[in-house]
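Inside the fold
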Amino acid sequence: MTPEQKPVYARSCFLCKEIFTSTGKRKSSFCPECHTSPLFNVASSLLGQIRRAEKAGLSANVTFEQWLSTLDFFEGMCAYCQIVPYKCIDHFFPFELGGGTTWDNIAPACHGCNHRKGSHLPEEILQPDELERVRTYLYTRFDMEVTR
Ligand SMILES: [Zn+2]
Ligand SMILES: [Zn+2]
């Protein structure tokens, strides 16, 4: 290889799934078009949580479409208090205790609720109605995953 030749990577875009090529040392997970997509920030923070779980050796198999359907279900609001728009991805069963980034374990949360949960078990910290609502939703995701 001559010094002018840079390695070329063929990758599947995390957002649109199209194959694109990139050169250079920084491998991107998004094609150039998706970098300017309105959904880029949503996809990028999900990918961040997927990578974080992978690094910790936890399950990380949620797809972008699955996460969008969860956001849709909670109408873009915090799944816990339901009064503040969601700001971050909460691991229902805490990440610190081994909860992975899977469709049946992540919920949209506001900063307040995310902080309130911390690394506590959901049963320890949530109001009964919050616990019931989010748990019911997530548990039915699990059924959808295994019966697919
Ligand atoms: Zn793309
Ligand atoms: Zn909240």
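Residues numbered from 1 in each chain as written. Chains lettered and ligands numbered in written order. Predicted model: local features only at pLDDT ≥ 70, side-chain atom pairs only at ≥ 80, totals over all residues.

Some details on unusual backbone geometry
The residue E75 is not glycine, and still its phi comes out positive at about 55°. Among the structural elements, E75 can be located in the loop between α2 (64-73) and β3 (88-91). We classify E75 as exposed; it has 11 C-beta atoms within 10 Å. Although it is not a glycine, Q82 adopts a positive phi angle of roughly 60°. For Q82, the location among the structural elements is in the loop between α2 and β3. (Helix = DSSP H or I, 4+ residues; strand = E, 2+ residues; numbered from the N terminus. Buried ≥ 20, exposed ≤ 12 C-beta atoms within 10 Å, placed from the backbone.)

Some details on helix α1 (residues 40-55)
Spanning 16 residues, α1 covers 22 Å between terminal C-alpha atoms, matching the ideal 22 Å at 1.5 Å per step. Within α1 the residues assigned to the buried category are A43, L46, Q49, I50 and A53. Viewed along the axis of α1, the buried residues span an arc of 125°, placing them on a single side of the element. More than 90 degrees from the buried face of α1, the exposed residues found are N41, G48 and K55. Contacts made by the buried residues of α1 are with α2 and β3. Following α1 by one or two positions, G57 has its phi on the positive side, about 75°. (Expected span 1.5 Å × (residues − 1). Arc of directions from axis to C-beta. Contact = placed C-beta atoms within 7 Å.)

A word on the pairing of strand β1 (residues 8-12)
Regular strands place side chains that alternate from one sheet face to the opposite one. Counting buried positions along β1 yields zero of five residues, so the element is predominantly exposed. By the bridge criterion, five bridges tie β1 to strand β2 (residues 19-23) in an arrangement that is antiparallel. Opposite S12, over in β2, you have I19 as the bridge partner. Taking the residues that link successive antiparallel strands as the turn, the β1-β2 hairpin has six residues, and the phi of K17 there is positive, at about 70°. (Pairing = 2+ DSSP bridges.)

Structural notes on the nonpolar core
Of all hydrophobic cores here, the largest spans 24 residues; its most connected members are C78, A79, Y80, A107, A109 and V134. Considering every element that reaches this core, the biggest residue donor is α1, with four residues. Beyond its immediate chain neighbours, meaning those up to four positions away, V134 contacts A79, Y80, F92 and A107. (Core = buried A, V, L, I, M, F, W, Y, C linked by C-beta atoms within 7 Å.)

Concerning the environment of C31
One can find C31 in the loop between β2 and α1. What makes C31 buried here is the crowd of 20 C-beta atoms within 10 Å. With eleven residues separating them along the chain, C31 and F20 place their C-alpha atoms 6.0 Å apart.

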